[in-house]
Amino acid sequence: MDGFIQAIELQKIYHVGNQKIEAVKGVSLQVPRGDFIVILGHSGSGKTTLISMIGGLTRPSLGKVYIEGIDLWDLGDKELSRFRNKKIGFIFQSFSLLPSLNVLNNVLMPVIFSKKAKKDRKALQSKAHSILSDLNMADKLNSYPSELSGGEQRRVAIARSLINDPDIILADEPTGELDIRTEHEVIEIFRNINEVYKKTIIVVSHSLSWMQKAKKVIVMKDGLVQRDIADPVEILMGGHK
Amino acid sequence: MVTSLSRLAYQNLQVKHLRLYIILIGVSIVIGVLFASSILIAGIYYSLERGLSKLGADLLVIPKESLVNLKSALLTGEPSTFYMDRSVLEEIRTLKGIKKASGQVFLTSATGDCCVVGNSFLIGFDPSNDFTVMPWVVKKMGDSFPDDGAIVGGMLPWNLGDRLKFFGVPLTVWGQLERTGIGLYDNAVFFHIKKAYEMSEKSQTDPSIQPLKPFKDKISGVLVQLSVGAKIPFITFSILKGHPELKVVTTGNIQTSARQTTVAVFFGVMVLIVVLVLSNVLMINAIFSAVVNERRRELGIMRAIGATKNSIFKLIVYESTMVTLLSGLLGMIVGGILLKIFHRTIIFYLRLLNIPFMLPPVEIIAGLALLAIIMAFIMGISGSTYPALVAIRIDPHETMKQGL
């Protein structure tokens with residue numbers, strides 16, 4: 001198996017006062033390059049904590065994460081930040097855009113923290129323009145987040161995740177709070193990113209709508225992988241409870 | 001296009017204008033006060049330095065009793081009336097390490113004399129060996145000094161050729177010194193020492209003239225210029241060995257004591273500035289702590305998409321210093337305008353306090369402006385350091401968990 005992303009026995013324990021909360025209880029995952037995985041689960045199932053650990057945002061209490069053979073949690077903060085900037089595009093739930101920046105500058109934000117990018121401003125602008133055009137947002141370059149609909153904001157966040165041309169896209173509830181029609185549009189965009197841009201995608205959601213487009217579905221419950229479904233159509237036919 | 005941290009910081013400042021204005025007003029007031037008062041202090045020091053440098057002497061030998069009056073003499077032009085024997089001058093001249101020594105007689109004009117307005121500080125000097133006024137005479141007039149000539153200070157109202165009379169002795173205004181801001185010179189009338197002795201004699205014999213303390217063949221002080229390599233303590237010891245009734249003052253002593261006087265006057269201003277600076281640093285701290293708290297999610301997203309802790313720290317400090325630097329510039333303009341508007345009033349009140357003042361040269365003002373900007377910069381950094389440290393501790397994972 002291509003171990004492009006490998007999560008080995010990931011465990012996350014939080015200590016709240018004297019209480020010990022196990023958010024993730026020893027989850028292992030192998031993600032081949034170019035895969036499109038959806039992690040489903042209810043709130044508190046541990047799915048967000050899991051992709052946080054995979055994305056280098058929160059340190060696991062136990063276990064390892066390898067991306068292209070690099071032990072992510074062996075890197076120092078600076079190297080890890082650079083790694084995230086270069087290799088991973090993050091898409092968060094709503095309100096993830098900077099209100100002070102217009103669409104173009106929001107898309108370019110990861111560039112600020114990257115070493116390579118500041119050289120050719122024109123090339124960057126044209127790249128941002130091209131990505132936004134692909135997402136039907138070319139006419140909103142100078143708009144501010146407050147002037148955009150929820151779906152448009154999500155598209156800008158997607159464009160931002162692509163600007164540094166990362167290999168991996170990690171998305172946390174990217175269709176949360178969207179109406180059904182917009183949700184389907186966004187899911188379609190993710191499918192295109194996977195197929196056209198050849199990005200490896202891991203999406204965390206509690207919406208079943210993702211199952212039609214994902215190549216693999218993982219269902220989490222109480223910090224554990226409850227089901228690992230290679231053919232998501234199966235779950236559509238039989239349910240996941 | 002925003003592709004750098006500094007531009008991002010600038011962009012972020014566009015959002016919350018009220019906070020920006022609060023910092024702008026607070027810091028510009030502090031910088032304005034700081035800039036204006038430092039120009040005032042520098043102006044006073046400059047006047048003192050300029051005036052004292054005209055003295056051209058390394059040492060001043062005076063009767064011990066005169067010392068208490070020295071500061072007021074320098075600042076206000078009130079002379080001492082203590083004298084010493086002229087033979088002291090000859091003795092000093094013979095000492096090793098002395099390059100030049102010249103005696104002077106100090107007295108005050110009597111009000112009511114013809115053509116005299118108020119009290120002037122009268123200084124009799126010996127043109128044959130003087131090295132304080134004569135270099136100026138030679139440079140400006142290129143001529144020898146006439147016996148009845150007078151050189152008047154820059155504050156005195158007379159013109160060249162005006163006839164003056166002090167203690168019954170007529171003098172003609174022959175030259176006028178430029179203003180120094182120091183009372184000793186600005187209110188002084190310099191003339192030949194023999195005219196001073198004539199005044200003493202006349203005041204004793206002519207009942208219509210206010211009598212002076214007799215000082216025939218006496219002097220008020222000896223100005224001493226040392227040879228290269230001569231040691232001040234050694235010379236001082238040599239002078240005082242046979243004359244315990246004398247006191248040797250270095251120009252450094254005079255400057256220090258004059259500075260102490262002005263520093264005391266401005267101590268209150270300094271305390272005010274320190275309090276203002278500290279309160280503004282606290283204000284910046286409070287405002288930026290609120291900014292960081294409000295923007296936790298935003299900063300968490302930045303961390304997630306690749307901002308290092310260092311980048312986040314810099315972003316917050318950039319935002320703060322941009323505002324304080326702008327405030328600094330604004331403050332200097334405000335301070336400059338206030339100084340311009342109240343220039344005359346300030347000088348008037350300083351003179352009431354017997355403090356000399358002249359605007360320092362442009363390069364000193366430019367240096368003070370640079371210091372004010374550096375101060376604004378330091379305020380920005382110190383005010384935002386703690387909030388920036390809080391910001392770098394924001395956990396990007398928390399950002400992902402929010403809103404689920």
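Residues numbered from 1 in each chain as written. Chains lettered and ligands numbered in written order. Predicted model: local features only at pLDDT ≥ 70, side-chain atom pairs only at ≥ 80, totals over all residues.

Caption draft 1: Summary view of the sheet that holds strand E6 (residues 88–91) of chain A. Residues and elements named next belong to chain A. Read across the open sheet, the six strands follow the order E6-E7-E8-E3-E9-E10; overall the sheet is mixed. Every other strand in the sheet has two partners, leaving E6 and strand E10 (224–229) as the edge strands with one partner each. Mean inter-strand twist for the sheet, computed between neighbouring axes without regard to direction, equals 15°. Pairing analysis gives four bridges linking strand E3 (residues 36–40) to strand E9 (residues 216–221), with the strands arranged parallel. Of the residues in E9, the one forming a bridge with Ile 37 is Lys 216. Lying on the sheet, helix H7 (residues 180–195) is in contact with E3, strand E7 (168–172) and strand E8 (200–205); it crosses E8 at an angle near 155°. (Pairing = 2+ DSSP bridges. Helix = DSSP H or I, 4+ residues; strand = E, 2+ residues; numbered from the N terminus. Axes fitted to C-alpha atoms, helices over the stretch in contact; angles between N-to-C directions. Contact = placed C-beta atoms within 7 Å.)

Caption draft 2: Main features of the interface of chain A and chain B. On the chain B side, the residues contacting the 36 residues of chain A number 27 residues. Partitioned by chemical class, the residues of the side of chain A that touches chain B number 15 nonpolar, 13 polar and eight charged. (Nonpolar A, V, L, I, M, F, W, Y, C, P; charged D, E, K, R; others polar.)

Caption draft 3: Spatial organisation of the pairing of strand E4 (residues 62–67) of chain A. Residue and element names in this part refer to chain A. One ladder, built from five bridges, connects strand E1 (residues 5–16) with E4; its direction is antiparallel. Within the sheet, the bridge partner assigned to Gln 6 lies in E4 and is Tyr 66. Pairing analysis gives two bridges linking E4 to strand E5 (residues 70–71), with the strands arranged antiparallel. Residue pairing across strands places Tyr 66 opposite Asp 71, the latter belonging to E5. The hairpin formed by E4 and E5 contains two residues between the paired strands, and Glu 68 there has a positive phi angle of roughly 50°.

Caption draft 4: Broad picture of the pairing of E3(A). Residues and elements named next belong to chain A. Counting buried residues along E3, five of its five residues qualify, which places the element largely inside the surrounding structure. Along E3, one buried face is formed by Phe 36, Val 38 and Leu 40 and the opposite face, lined by Ile 37 and Ile 39, is buried too. When E3 meets E8, the two strands line up parallel, connected through five bridges. Paired with Val 38 across the bridge in E8 is Val 203. (Buried ≥ 20, exposed ≤ 12 C-beta atoms within 10 Å, placed from the backbone.)

Caption draft 5: Broad picture of helix H1 (residues 47–54) of chain A. Residue and element names in this part refer to chain A. In terms of burial, H1 is largely enclosed, as eight of its eight residues are buried. All of the buried residues along H1 are Lys 47, Thr 48, Thr 49, Leu 50, Ile 51, Ser 52, Met 53 and Ile 54. A positive backbone phi angle near 80° is found at Gly 56, which sits one or two residues after H1.

Caption draft 6: Just the environment of Leu325(B), in detail. Residues and elements named next belong to chain B. Take Leu 325: it is sitting in helix H11 (residues 309–352). Given 18 C-beta atoms within 10 Å, Leu 325 falls into the partly exposed group. Separated by 167 residues in the primary sequence, Leu 325 and Trp 158 have C-alpha atoms spaced 48 Å apart. Discounting residues that sit within four places of it in the chain, Leu 325 has contacts with Ile 373, Ala 376, Phe 377 and Gly 380.

Caption draft 7: Summary view of H7(A). Residue and element names in this part refer to chain A. Taking 1.5 Å as the rise per residue, H7 with 16 residues should run 22 Å; its terminal C-alpha atoms sit 23 Å apart, in good agreement. Among all positions in H7, only Glu 183, Val 186, Ile 187, Phe 190, Ile 193 and Asn 194 are buried. Projected onto a plane normal to the axis of H7, the buried residues spread over an arc of 115° and lie on a single side. For H7, the exposed residues set more than 90 degrees away from the buried face come down to Arg 181, Glu 188 and Glu 195. Buried-residue contacts for H7 involve E3, helix H6 (150–162), E7 and E8. (Expected span 1.5 Å × (residues − 1). Arc of directions from axis to C-beta.)

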